[in-house]
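# Structural features, examined
For reference, the chains in residue letters:
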There are 2 protein chains.
Amino acid sequence: MVSVASFFDLVEQDLNQLTENVKNLVGAKHQVLRLAAEYLFEAGGKRIRPALVLLMARATSPSGEPTEKHRRLAEITEMIHTASLVHDDVIDVSDVRRGAETVNYLFGNKVAVLAGDFLFAKSSIYLARLGSLEVVELLATVIDHLAEGEMLQIKNQFDTTLAFDEYIEKSFYKTASLMANSCRAAAVLSDMPEELCDAAYNYGRHLGIAFQVVDDLLDFTSSTETLGKPAASDLRQGQITAPVLYALQEFPELSILIQREFKLNGDIEQALDWVKKSQGLIRTKELANQHIKQAILAVEKFPPSPARQAMIDLTDYVLKRVF
Amino acid sequence: MVSVASFFDLVEQDLNQLTENVKNLVGAKHQVLRLAAEYLFEAGGKRIRPALVLLMARATSPSGEPTEKHRRLAEITEMIHTASLVHDDVIDVSDVRRGAETVNYLFGNKVAVLAGDFLFAKSSIYLARLGSLEVVELLATVIDHLAEGEMLQIKNQFDTTLAFDEYIEKSFYKTASLMANSCRAAAVLSDMPEELCDAAYNYGRHLGIAFQVVDDLLDFTSSTETLGKPAASDLRQGQITAPVLYALQEFPELSILIQREFKLNGDIEQALDWVKKSQGLIRTKELANQHIKQAILAVEKFPPSPARQAMIDLTDYVLKRVF
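Residues numbered from 1 in each chain as written. Chains lettered and ligands numbered in written order. Predicted model: local features only at pLDDT ≥ 70, side-chain atom pairs only at ≥ 80, totals over all residues. Heavy atoms only, no water.

All names here are of chain A. The N-to-C vectors of helix α12 (residues 242-250) and helix α15 (residues 280-299) enclose an angle of 130 degrees; their axes lie 8 Å apart at closest approach. Between α12 and α15, the interaxial angle falls into the category oblique. Considering the relative orientation of α12 and α15, their crossing is right-handed. Mapping the contact onto sequence places A242, P243, Y246, A247, Q249 and E250 in α12 and G280, L281, R283, T284 and L287 in α15. Residue composition of the contact of α12 with α15, grouped by class: six nonpolar, three polar and two charged. (Axes fitted to C-alpha atoms, helices over the stretch in contact; angles between N-to-C directions. Helix = DSSP H or I, 4+ residues; strand = E, 2+ residues; numbered from the N terminus. Parallel < 35°, antiparallel > 145°, perpendicular 65-115°, else oblique. Left-handed = near helix turned anticlockwise from the far one by under 90°. Contact = heavy atoms within 4.5 Å. Nonpolar A, V, L, I, M, F, W, Y, C, P; charged D, E, K, R; others polar.)

On to the relation of the copies chain B and chain A, then. The operation relating chain B to chain A is a screw motion whose rotation component is 180 degrees, with 0.0 Å of axial translation and a residual RMSD of 0.0 Å. Overall, the copies show the geometry of a two-fold rotation axis. Rotation axis and chain B: the residue whose C-alpha lies nearest the axis is L133 of chain B, separated from it by 3.3 Å. A share of 100% of the interface residues of chain B reappears at the interface of chain A, consistent with the copies meeting face to face through the same patch. (Least-squares fit on C-alpha atoms with pLDDT ≥ 70 in both.)

Between chain B and chain A, the residue contacts involve 38 residues of the former and 38 residues of the latter. Between chain B and chain A, a total of about 3600 Å² is buried, with carbon and sulfur atoms accounting for 68% of that surface. Among the residues chain B hides against chain A, the three largest losses belong to L114, L133 and M151 of chain B. Together they make up 18% of the total. At the boundary of chain B and chain A, one finds four salt bridges. In this structure, R129 of chain B and E137 of chain A form a salt bridge, with 2.7 Å as the shortest nitrogen-oxygen distance. At the level of secondary structure, the elements contributing two or more residues to the side of chain B that touches chain A comprise α3 (31-41), α5 (68-91), α6 (103-128), α7 (133-155) and α8 (164-189) of chain B. Per-element tally for the side of chain B that touches chain A: the top contributor is α7 of chain B, with 14 residues. Residue composition of the side of chain B that touches chain A, grouped by class: 20 nonpolar, seven polar and eleven charged. (Buried area = accessible area lost by both parts, 1.4 Å probe. Salt bridge = Lys/Arg side-chain N within 4 Å of Asp/Glu carboxyl O.)

Here we come to the side chain of T60 of chain B. All names here are of chain B. Relative to the helices and strands, T60 resides in helix α4 (residues 48-60). Take T60: its relative accessible area is 5%, and that puts it in the buried class. Of note is the side chain of T60, whose polar atom sits 2.7 Å from the backbone oxygen of M56. Among the polar contacts listed, one links the side chain of T60 to the side chain of S190, at a separation of 2.8 Å. (Buried < 20%, exposed > 50% of the residue type's maximum accessible area, 1.4 Å probe, protein only. Polar contact = N/O pair within 3.5 Å; in protein donor to acceptor, adjacent residues only side chain to side chain.)

All right, on to helix α16 (residues 306-320) of chain B then. In a regular helix each residue adds 1.5 Å, so 15 residues correspond to 21 Å; α16 of chain B covers 20 Å between its end C-alpha atoms and thus fits that length. Every buried residue belonging to α16 of chain B is among A307, R308, A310, M311, I312, D313, L314, T315, Y317, V318 and L319 of chain B, and all of these are buried. (Expected span 1.5 Å × (residues − 1).)

Residues and elements named next belong to chain A. With 26 residues, helix α6 (residues 103-128) extends just 28 Å between its outermost C-alpha atoms, more than 12% less than the 38 Å of an ideal straight helix rising 1.5 Å per residue. Remark: the principal bend of α6, roughly 100 degrees, maps to N109. The buried count for α6 comes to 20 of 26 residues, which makes it a mostly enclosed element. (Bend = angle between axes of the 7 residues up to and from the residue.)

Let's shift gears to the packing of aromatic side chains. Residue and element names in this part refer to chain A. On inspection of all chains with the given rule, the structure shows ten aromatic pairs over all chains. Measuring from ring centre to ring centre gives 5.7 Å for F164 and Y167, while their planes differ by 65 degrees; the resulting arrangement is edge-to-face. You can see F164 and its partner Y167 sitting in helix α8 (residues 164-189), three residues apart, about one turn around the helix. Judged by relative accessible area, Y167 falls into the buried class, the value being 1%. A ring pair is formed by F251 and W274, whose centres lie 5.9 Å apart and whose planes are at 15 degrees; its orientation type is stacked. Residue F251 is found in the loop between α12 and α13 (254-259), and its partner W274 is found in helix α14 (residues 267-277); the two are separated by 23 residues along the sequence. Each member of the pair, F251 as well as W274, is classed as buried. Put simply, the rings of F164, Y167 and Y246 touch in pairs and so form one group of aromatic residues. (Phe/Tyr/Trp six-rings, centres within 6.5 Å; stacked < 30°, edge-to-face > 60°.)

In this section: the state of the cysteines. All names here are of chain A. Applying the stated criterion to the full structure yields zero disulfides over all chains. The thiol of C197 is unpaired, and the distance to the nearest cysteine sulfur, on C183, comes to 11 Å. Judged by its relative accessible area of 3%, C197 is buried. (Disulfide = S-S within 2.5 Å.)

Turning our attention to the pattern of salt bridges. All names here are of chain B. In total, this model carries 28 salt bridges over all chains according to the counting rule given. Across the pair E68 and R72 runs a salt bridge, and its minimum N-O distance is 3.3 Å. One end of the pair is E68 and the other is R72, both in helix α5 and four residues apart, which spans about a single turn.

With that out of the way, let us pick up unusual backbone geometry. All names here are of chain B. With a phi close to 55 degrees, E261 is a non-glycine residue in the positive phi region. By the element assignment, E261 lies in the loop between α13 (254-259) and α14 (267-277). On the basis of relative accessibility, which here comes to 40%, the residue E261 falls in the partly exposed class. The phi torsion at F262 lies on the positive side, around 55 degrees, for a residue other than glycine. Take F262: it is sitting in the loop between α13 and α14.

Attention shifts here to the packing of α5 of chain B against α6 of chain B. Residues and elements named next belong to chain B. At a minimum axis separation of 8 Å, α5 and α6 run at an interaxial angle of 150 degrees. The angle between the axes of α5 and α6 places the two elements in the roughly antiparallel class. Considering how the two elements wind past one another, α5 and α6 form a crossing that is left-handed. Residue composition of the contact of α5 with α6, grouped by class: 13 nonpolar, seven polar and three charged.

Put into structure tokens, the structure is as follows:
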């Protein structure tokens, strides 16, 4: 049994360098943007996305080391992720993320919208310099999907008729697309054959969906302190996630509380009680597990290497957050 | 003397097609984004930016007609411009643009931030499909500059120590960069030699600066109905533009009113009076004229053609808005 942190060992040095590089890429022309950027990149992000790119790079590059282009790709991935978080916080009027104040809360909506645009723009410029139109399109598609995911999330608020497929689709757009497309981009930069580029994509896709499913589960099982936000805050905001979809099958009355947006006293407590009494949490774990298994099948198409092993260990880490 | 509208004749059909194409490119998956997009592309924009790209395409392509890639580039240019307007209106909390309600006013900040991100993302995807990394980087730089220009505008509010160079720099970022880089991109897609790519860039750059300078002048000389916003609204918001910079040289007391953000009764009227009494308006016209002359010099490096003539006529149109 591999220790949970071990997959990070292989890329720890790379990741430390990455934070410095991203700050340099963002530049320091405007004090307020620099502050926003520094704040962002130090706000305790898990950096699982750049770690993933760097591991896929190691598993596919002939030297077993990430190339300079791979490192830039990892940085760009983190910039795109950060930009989308900043805009999401404006859209959701969030004051707190990961237990720290958001950019819009600290610096106002103006700076937050601009900081996001700025990061998206810088990532596009650096993407072009990687010299691959395919990689540009893969990562531009991610930005499109991030907006699409946020759109679906708004559209489906308090909608108890949400189909399970739509939930998975939204999870792909919001979380898995970035992992899928950036893993594929790492394989493309390593000139992998099409079949292995697909395998890289599928690994990222299934890992990403599992990651989102686990996040949706943690919303019900973690304490406020661990999450840095109130428990069941997704449900309070009308997000219909896997545990809720499963619980609705056992307790159809739950839909009444959701549809009236928990307006009556005790609604949210009753809803939480039903979700916890139902098979929803255990079935959600099982769903995450299924996607993890498919992620492992995909990554096993690559020849064995320490990086491949680290990517398998990483799936364990994603599940460890709940099991 | 050519009629003001004549330069549009050459590209009128192209532009009608463009509006349809842009709507298709944006897609219609989400009702609210589709509404926002339709609203945007029909809100009476001058479409001077895609007209510019299409004229530069005609002046440089061997057939004298825009290629399919040129048409896509023109569409992308309009998408990027529109995305930046949508985000600017969120940032400036504007309710009205061009006499019509803004996206944030009609659909809320959430949709406006997402609609902008969505348009930026779609433009990056279509850019990659043009098959030129140089063109991707040119247009990604535009998005960066648009954020930079808005940042400078916020930073310099009510700052009467603003240097003239900084005013020109901000005008370049906000308005001229898109024209400069998209004109260059049209020449790049036509495989023009470096010298003519530079000429295309310089034409767009000087035309764009003149366009912004004229806009800044119109803020003082046009009626509320023509502008679709209150007269001198830039100054009220603390924007220090060319007429104000010139007026400050003659009436240094103006800076006191600006620095106290027109807090006292009669401040704004007194400020307007000084700007109008000063040589500011006439010197601003002269400034626009200088940039128009440099734009013409640049475009004259191309061999004579109806499209080249139209680009020269277009400079006349920019000035006609004031003279």
